[in-house]
Amino acid sequence: MNPKPKMIAMAVMAAFATVPVLANAEEPVVTDTVTVTGILPEKLEAVPGSFDLVDEKALEERQPFSMEEALNDVPGVNVVGESAYGLGINIGIRGMDPRRTARTLLMEDGMPLFLAPYGDPSAHYTTPLERIQRIEVVKGSGQVLYGPQTVGGMINFVTKPVPTDGLAGSVTLKAGTDDYRGGHVNFGYGNERGGFMIDALQNRGDGIRDNHDFDQRNLAIKGQLNLTERQTLIGKIGYYEEDSHISETMLSTREYAEDKFQAPTGKNDKFQMEQWTAQLQHIFQISDTMKLSTQAYYADIERASFRQVAGPGTWEDDEFTEEGNAYSQMIYCPVEVGEEFENVRDVTEANSAVCGGQWRPREYRYYGFEPRLDFSHNLFGIENDAVIGFRYHREDIKRQGFRGIDSRFQSLSFAKRYAGIPKSEVENVDDEWTGIESGWHQERLETDVTALSYYVQNTFHVGNWSFTPGLRFEDVKVKQNVVWADGEAQGVRDTNRYSELLPGFGVAWNGIANTTVFAGVHKGFAPPRPDRDLTEGDNGIEIDNTKPEESTNWELGIRSNYFKGIGFQATLFRTDFDEIVVRNGSRFDNAGESLMQGIELAGRIDFGTILNTAHNFYVSGNYTNLFTAKFKKDNFQDFDPDDIENENIVDVCDVSGSCRIIKDGSRLPYAPKHMASVNFGYEHPMGIHARIGWDYVSKQETDPIGRLSDPQTGVYGDIPSYTLMNASASYKPQGTKATFFVSGYNLTDREYLASRVNGMAVGRGRTVFGGIRYNF
């Protein structure tokens, strides 16, 4: 990691944050004309598509434990909670595969949050709930203004603004089950000239499974300087660090049946992440009808994972049966047998302590610059709101792998000593080791991405109607350098360039008070994963570029607050994929056409508003019926017939090993047909709030390759439906600045299966936490 950009950014921000205080003696600047918002426009009634807002009030009502609970009240959103507290979050929208949120655009104040938005769109971080003012979820045609992922939806975390009237802040302390402890401090100062805010938090606990403890630390500095009555600068720098023992090591069918919560290698498995981000925004209100917003952003991320298990159910004992006797296997754990070394199979804490494994360090650096002009005009004598913008984005990715059998390989610094050492020097064809200190360099892949994005959108306001055509153009160039792969030097280079024209059109009608009927269509786009495009060809390692995903997304819906105290929305949606990408072992492949269709319903009734009383009983809920989520054609891939272990799919393979991994009409992975959430709550005028609710997710299927796997690995099979009970309560005594709160998740302690991506992963058990928040 190059520290120089971080040092520069920190110095700029430290100086920037003090400017409003130093300038306090000057004449105050009135900034009423400058407003800073999220990705949604000010005229929400004209938005020609579905969206949801999770504001501070909703977060206070739910008292969510993690981002998973915070998004459970949003229809169409499926969050797979395979780890505690939202670590490595998995979000899928409208039937999209939720794995690492790769098909849902995540942003913080309009800045992308992925490891690398084009080169590795994986989410291992989301903005902490303590720093969020509101969460914006957009699923309609308005996505043409953002990118690159627009096939499903986008989520923008809007952070809290700096204070504007003197000193302000809060202190929060909380604790809960599984030895969870958390603390958050926020303080800042502001006046007419601007202000600054410092935000620090730490969360730690034991996680879902045994030996899965974690520690998160987050620091953010935000400043605002009102240059003139029409110009504002907003700057932010953030630091995030995670040190956890939660890896992608899951369980086989037999292991899961014996103990769902076991993780024998957990004490030595590691996931480490360090992230620096910086963002600078300049908002220039040129006139009452024109605003120029310019942002620059930068991210520097290092993440590394260490694990000791090859995969669930990778070997069988002598009593192999169809009922499942497969256990996981240590990958690099030698014992001396005679004059040679052989690999130990038993996954135990004792073996884990003395064995090696595999490190996968990654480095990501990206930055961008984006000017955007919002203006109103009267072309053709019609009221119009227009947006035109451009973004320049660069990424630099380094992906490495080290493997070794020495227990000292549990240290990343030790593993890096083997850079440039090929596998052939330490292992022979019989998979026997040449020595107890054997280790090698498995891979080094370098990816450089340059992306240019252009977009334009215009909304025509004609009476009660709003018509919004938009257009986005993505021009992407990806350079790859395979320095090292499969344990040997390679030197394979490739340049892949592609472009996409992404039109969208939406219409909204507001002929009924507080009601919007909308419809829209847009072309969706998601870039491929270039670091997963390696194949074994006739001449060694080759690069086989995956095509970008393309979709056509349709919507028809209504949202309304017409009736006093009652709000509701309903949306019919259809997503038609031309080139959906599916997981195929360690890589991703195009699987042709697919179709997702469904309906989303959501609503809330506040009886206090209806009955004009301060005592408010309310009911809220949402329901999603994804009645279609299917592949639209067969897909064949070649396999060695000897590798086909699953008797359930032998009939789809011929003698040459050509297997139908996808059948026309089969259901998409991790796309539950039904999802529902319902809450009953009460708000007392004396500062008491209580809520109880239930969340339901129906049966899900695994990815296509998982359906080919041996049933004993835990990767094969359905994920049964489950219903989880949750509740929260808070009390803010009148005349005080303190709030006491408690929240519970899965209160019936139901054991349920959350995922089968890398084997069977149990969902979180009963979790209860409480705390106190003091505002000043």
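These notes cover the structure that comes with them. No experiment lies behind these values; they were computed from the predicted model shown. (Residues numbered from 1 in each chain as written. Predicted model: local features only at pLDDT ≥ 70, side-chain atom pairs only at ≥ 80, totals over all residues. Heavy atoms only, no water.)

## Here's the deal with the pairing of strand β31 (residues 594-606)
Relative to β31, strand β28 (residues 566-577) runs antiparallel, the two being bridged by 12 bridges. Residue pairing across strands places D576 opposite L595, the latter belonging to β31. By the bridge criterion, 12 bridges tie β31 to strand β32 (residues 616-631) in an arrangement that is antiparallel. In the sheet register, E600 faces β32, and the bridge partner there is T624. (Pairing = 2+ DSSP bridges. Helix = DSSP H or I, 4+ residues; strand = E, 2+ residues; numbered from the N terminus.)

## Quick look at unusual backbone geometry
The peptide bond linking G147 to P148 adopts the cis configuration, its omega dihedral lying at 15°. In the Ramachandran plot, R94 falls in the positive-phi region, its phi being about 55° despite a non-glycine side chain. Tracing the backbone shows R94 in the loop between β3 (91-93) and β4 (104-108). Of the residues examined, R94 reaches a relative accessible area of 5% and is grouped as buried. (Buried < 20%, exposed > 50% of the residue type's maximum accessible area, 1.4 Å probe, protein only.)

## A closer look at the environment of R217
Here R217 is to be found in strand β11 (residues 214-228). R217 sits in the partly exposed class, given a relative accessible area of 24%. Considered as a pair, R217 and L201 are 16 residues apart in the sequence and their alpha carbons are 5.9 Å apart. Leave out the neighbours within four places in its chain, and R217 touches L201, Q202, Y239, Y240, E241 and D243. Within the structure, R217 has its side chain in polar contact with the side chain of D215 (distance 2.7 Å). (Contact = heavy atoms within 4.5 Å. Polar contact = N/O pair within 3.5 Å; in protein donor to acceptor, adjacent residues only side chain to side chain.)

## Thoughts on the nonpolar core
In summary, soluble globular proteins display a tendency toward joint burial of nonpolar side chains. The biggest cluster of nonpolar side chains holds 54 residues, and the ones touching the most others in it are M67, L71, I91, L106, I135, I155 and F157. The greatest single-element share of this core, amounting to four residues, is contributed by strand β6 (residues 132-138). What I135 contacts, discounting residues up to four positions off in sequence, is D52, L53, V54, M67, A70, L71, I155, N156 and F157. Formed by 15 residues, the second largest nonpolar core is a distinct cluster that contains M96, F577, I580 and F631. (Core = buried A, V, L, I, M, F, W, Y, C linked by side-chain atoms within 4.5 Å.)

## Focus: a negative patch on the surface
On the surface, D178, D206, D213 and D243 cluster together into a patch of negative charge. You can see D178 is positioned in the loop between β8 (166-176) and β9 (180-191). The class for D178 is partly exposed, based on a relative accessible area of 36%. (Patch = residues over 30% accessible without salt bridge, like charges linked within 9 Å, V, L, I, M, F, W, Y side chains within 5 Å. Areas by Shrake-Rupley, 256 points an atom, 1.4 Å probe, with all protein chains shown as cover. Salt bridge = Lys/Arg side-chain N within 4 Å of Asp/Glu carboxyl O. Lys, Arg positive; Asp, Glu negative; His and termini not counted. Charge placed at Lys NZ, Arg CZ, Asp CG, Glu CD.)

## A short note on the pattern of salt bridges
Evaluation of the coordinates by the stated rule reveals 47 salt bridges. Here R230 makes a salt bridge to D288, at a shortest N to O gap of 3.3 Å. One end of the pair, R230, is in the loop between β11 and β12 (231-244); the other, D288, is in the loop between β13 (270-287) and β14 (290-307), and 58 residues separate them in sequence. What makes R230 partly exposed here is its relative accessible area of 23%.

## Overview of the sheet that holds β4
The five strands are arranged β1-β6-β7-β4-β5 in an open sheet whose pairing can be described as mixed. Each edge of the open sheet is held by one strand with a lone partner, namely β1 (51-55) and β5 (111-112). With five bridges joining them, β4 and strand β7 (residues 153-159) adopt parallel strand pairing. Paired with M107 across the strands is N156, a residue of β7.

## Some words on the packing of aromatic side chains
Applying the stated criterion across every chain, the model contains 20 aromatic pairs. When the ring of Y562 is compared with that of F563, the centres are 5.0 Å apart and the planes differ by 90°; the resulting orientation is edge-to-face. The ring of Y618 carries the charged tip of R604 above its face, separated from the ring centre by 4.0 Å. Seen from the ring of Y745, R764 lies directly overhead, with NZ or CZ sitting 4.3 Å from the centre. (Phe/Tyr/Trp six-rings, centres within 6.5 Å; stacked < 30°, edge-to-face > 60°. Lys NZ or Arg CZ within 6 Å of the ring centre and 35° of its normal.)

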